[in-house]
Amino acid sequence: MRPSKLTAEPVSRLVDELGRLPGIGPKSASRLTYYLLRASREQALALAEAILELKERVFLCSTCFNITETDPCALCLDPTRDRSIICVVEEPLDALALERTGEYRGLYHVLHGAISPVDGIGPDKLRIRELLERVERERPQEVILATNPNIEGDATAMYIARQLIPRGITTSRPASGLPVGGDLEYADEITLGRALVGRRAL
Amino acid sequence: MGRDAPSEQFESAQQQHRARLYRSNAIILRRRDTGEADRILTLLTEAHGKTRVVAKGVRRPGSRMAGHLEPFSVVQILVARTRGLDIVSQAELRSAFSAMRQSERAVSTAGYFGELLDLLLPEEQVVDGVFPLATAALELLDQGYDPRSVAFVFEMGLLRCLGYRPRVDRCIVCDAVLQPVSNAFSVEGGLVCQGCALARHALIPLSVNAQKLLRLVDRGEIEPVLRLRVGAAVWSELAVVVHTYIARIAGRELSAPRVIHELRLD
């Protein structure tokens, strides 16, 4: 926001900072700022402390590169997890989504992105080298390539599979198909095609 | 009549502007996540050239549009005009180029096309020939032609559409007919003969075979370029020339070729 005689400097500074957050435009940024201006001191401090703690106490696990407070992270240390299987995901939130299914008991590896030539993102900008080193070290039986089922995710999975298969590691990719509650009529041809190829006996 | 023409033009432009919906074939060039589950797409549309639109809710697995809006596919879209970014209201896949998606080299070459089109095309302006060129290039990738040859044909076609067709029959300095020897390429826009090349800097040497390919494409002889067995060395010679020339036109380095190199697909 442009500084004006009507707005105090700390106000316009917070509006600017909030306006940089994803999904927040100048109007929302002003609304949040004026809300905080009227909120209690405790509430504002709690928010400020939460942000500080986030930056000071959270970092990446040196094994799986998920976000963590301890290194290695709690999941990498958990003795009940199946160490023979590593699931590769693009973002920490993807690991969280898989965890919520309760169907997976193995370990994770977070790449922090996907290969995208159009955006200038190559394998060197992701945690792929670390994955290959980890696979050499831990020798899992299987690596699940759970990158997103889109063009970037597919390209990333193909690239990693090309490195892992010669090392004798089984690689797999989650099935893709029709969403639960979906409508065949609206399915695109790629999804429908993959769903047919991957059909199951009843 | 001469006096009426501008006002008629103005009215038809206004009418077009007032149309709140438009339908067009489009290629998705790139996309970026925004908001809770939305994406901003950069499209090459047949009707309005390069444009940016919002696709609402497409990151949710249940989205009916998501599968129809993958990069480098041809879709028919219905777009609602708004005061801000236009919104995709319907999308239907026309060509998914599924075979192209199975090949790392082909799909990363498509990514390179996306970068070139986004970088070089003006916004909201139709450049004649670009949409059919891009569609044809994706089809060739899908049919399994060598992505290096498809990329070369596409690059030269795009440069021609944009008015940057390099001169490849005569020396751009002295206008002499080029001899069948190793000449050089200048980012000023064409080939330079050996004599003139001696006195100049920043030229890229080009072998006789690479020059032949330049001339074939320049004459519109696409089939032979796609079918010829060309060595890797000649392709990298041409890639250096074309990337340097395009970087000069665009005013910045290209990033997709660097990523393709990193992927070590050879």
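Residues numbered from 1 in each chain as written. Chains lettered and ligands numbered in written order. Predicted model: local features only at pLDDT ≥ 70, side-chain atom pairs only at ≥ 80, totals over all residues. Heavy atoms only, no water.

## Points about the overall build of chain B
Let me state the cut-off plainly: Only DSSP runs of H or I covering at least 4 residues are called helices, and only runs of E covering at least 2 are called strands; the numbering of each starts at the N terminus. Under the scheme applied here, a residue whose accessible area is under 20% of the maximum for its type counts as buried, over 50% as exposed, and between as partly exposed, the area being computed with a 1.4 Å probe on protein chains only. Residues count as neighbours in contact if any of their non-hydrogen atoms are within 4.5 Å of one another. Computed by Shrake-Rupley with a 1.4 Å probe, the accessible areas treat only the displayed protein chains as cover when residues are assessed. We score Asp and Glu as negative and Lys and Arg as positive, and we do not count His or the chain ends. Where a charge sits is defined by one atom per residue type, namely NZ (Lys), CZ (Arg), CG (Asp) or CD (Glu).
Counting secondary structure elements, chain B contains 10 helices and eight strands. Along the longest, intermediate and shortest principal axes, the C-alpha atoms of chain B span 60 × 55 × 30 Å. The burial tally for chain B puts 50% of its 266 residues in the buried class. Long-range pairs, those at least 24 residues apart, make up 58% of the contacts in chain B between residues at least 6 apart in sequence. Of the roughly 13400 Å² of accessible surface on chain B, a fraction of 50% belongs to carbon and sulfur atoms. Charge centroids of chain B, computed over 34 positive and 30 negative side chains, lie 2 Å from each other.

## Notes on the environment of Phe131 of chain B
All names here are of chain B. With respect to the helices and strands, Phe131 occurs in helix α4 (residues 130-142). Sequence separation between Phe131 and His201 is 70 residues, and the spatial gap between their C-alpha atoms is 36 Å. Setting aside its immediate chain neighbours within four residues, Phe131 contacts Asn25, Ala26, Ile27, Leu44, Thr45 and Glu46.

## A closer look at the domain arrangement of chain A
In plain terms, the rule: Note that the domain bounds reflect an automated or database-derived domain assignment.
For chain A, the assigned domains are domain 1 (9-57) and domain 2 (67-201). Between domain 1 of chain A and domain 2 of chain A, the C-alpha centre-to-centre distance is 35 Å.

## Here's the deal with the sheet that holds strand β6 (residues 170-172) of chain A
The strands making up a sheet associate through hydrogen bonds between their backbones, and the pairing can be parallel or antiparallel. All names here are of chain A. This is how the line gets drawn: What makes two strands pair is DSSP finding at least two bridges between them. Orientation is described by lines fitted to C-alpha atoms, with helices fitted over the stretch in contact, and by angles between N-to-C directions that extend from 0 to 180 degrees.
In spatial order, the strands read β4-β3-β5-β6; together these four strands make up an open sheet with parallel pairing. Where the open sheet ends on each side, the last strands, each with one partner, are β4 (107-110) and β6. Within the sheet, the average angular offset between the axes of one strand and its neighbour, ignoring direction, is 25°. This element, helix α7 (residues 151-164), spans β3 (85-89), β5 (142-145) and β6 of the sheet and lies at about 165° to β5.

## Some remarks on the environment of Pro179 of chain A
With respect to the helices and strands, the residue Pro179 of chain A is situated in the loop between β6 and α8 (189-197). Remark: the alpha-carbon pair of Pro179 of chain A and Thr191 of chain A, spanning 12 residues in sequence, is separated by 9.6 Å.

## Description of the packing of aromatic side chains
Residue and element names in this part refer to chain B. To keep things clear, this is the line we draw: A pair of aromatic rings is counted whenever rings of Phe, Tyr or Trp (Trp by its six-membered ring) have centres within 6.5 Å, and the orientation is called stacked for planes under 30 degrees apart, edge-to-face for over 60 and tilted otherwise.
Under the criterion given, the structure shown has five aromatic pairs over all chains. Measuring from ring centre to ring centre gives 5.5 Å for Phe185 and Tyr245, while their planes differ by 75°; the resulting arrangement is edge-to-face. Of this pair, Phe185 sits in strand β6 (residues 183-186) while Tyr245 sits in helix α9 (residues 232-250), and the two are 60 residues apart along the sequence. Note on Phe185: relative accessible area 2%, which makes it buried. Among the residues examined, Tyr245 registers a relative accessible area of 5% and is labelled buried.

## Notes on the sheet that holds strand β2 (residues 38-45) of chain B
All names here are of chain B. Around the barrel, which closes on itself, the five strands sit in the order β1-β2-β3-β5-β4 with mixed pairing between neighbours. Averaged over all neighbouring strand pairs, the angle between strand axes comes to 50°, with direction disregarded. The pairing of strand β1 (residues 21-34) with strand β4 (residues 74-80) spans seven bridges and is antiparallel. What sits directly across from Arg23, in β4, is Leu78. The sheet contacts of α4 involve β1, β2 and β4, and relative to β1 the element is tilted by about 60°.

## Let's talk about the confidence of the model for chain B
Cut-off, in case you're wondering: Confidence of the prediction at every residue is given by pLDDT, a number between 0 and 100.
Confidence in the prediction of chain B, expressed as mean pLDDT, is 90, and 93% of residues score 70 or more. Element-level pLDDT for chain B is lowest in helix α1 (residues 4-18) of chain B, with a mean of 55, against a maximum mean of 97 in α4 of chain B.

## Details of the side chain of His109 of chain A
All names here are of chain A. For the record, the criterion: Polar contacts here mean pairs of N or O atoms no more than 3.5 Å apart (in protein, one a potential hydrogen donor and the other a potential acceptor; neighbouring residues in sequence count only if both atoms are side-chain atoms).
If you trace the backbone, His109 turns up in strand β4. There is a polar contact of 3.2 Å between the side chain of His109 and the side chain of Arg134. If we ignore the near neighbours within four places in the chain, the residues touching His109 are Thr63, Cys64, Phe65, Ile86, Cys87, Val88, Val89, Arg127, Glu130, Leu131 and Arg134.

## Re the pairing of β4 of chain B
Residues and elements named next belong to chain B. Taking burial as the measure, the seven residues of β4 include five buried ones, the bulk of the element. Across seven bridges, β4 lies against strand β5 (residues 86-95) in antiparallel orientation. Across the sheet, residue Val79 finds its bridge partner in β5, namely Val88. Between the end of β4 and the start of β5, which pair antiparallel, lie five residues.

## Concerning the pattern of salt bridges
Inclusion rule: In the sections that follow, a salt bridge refers to a side-chain nitrogen of Lys or Arg positioned within 4 Å of a carboxyl oxygen of Asp or Glu.
The final tally for this structure, using the stated rule, is 32 salt bridges over all chains. A salt bridge links Arg219 of chain B to Glu221 of chain B, with the shortest nitrogen-to-oxygen separation between them at 3.0 Å. Ionic contacts of the salt-bridge type, sharing partners, join the residues Asp119 of chain A together with Arg30, Lys50 and Asp118 of chain B into one network.

## Focus on unusual backbone geometry
All names here are of chain A. Cis rather than trans, the peptide bond between Asp71 and Pro72 has omega equal to -5°. For Pro72, the location among the structural elements is in the loop between β2 (67-68) and α4 (74-77). Of note, Phe65 is a non-glycine position whose phi angle comes to about 65°, a positive value. Its relative accessible area of 10% is what places Phe65 among the buried residues.

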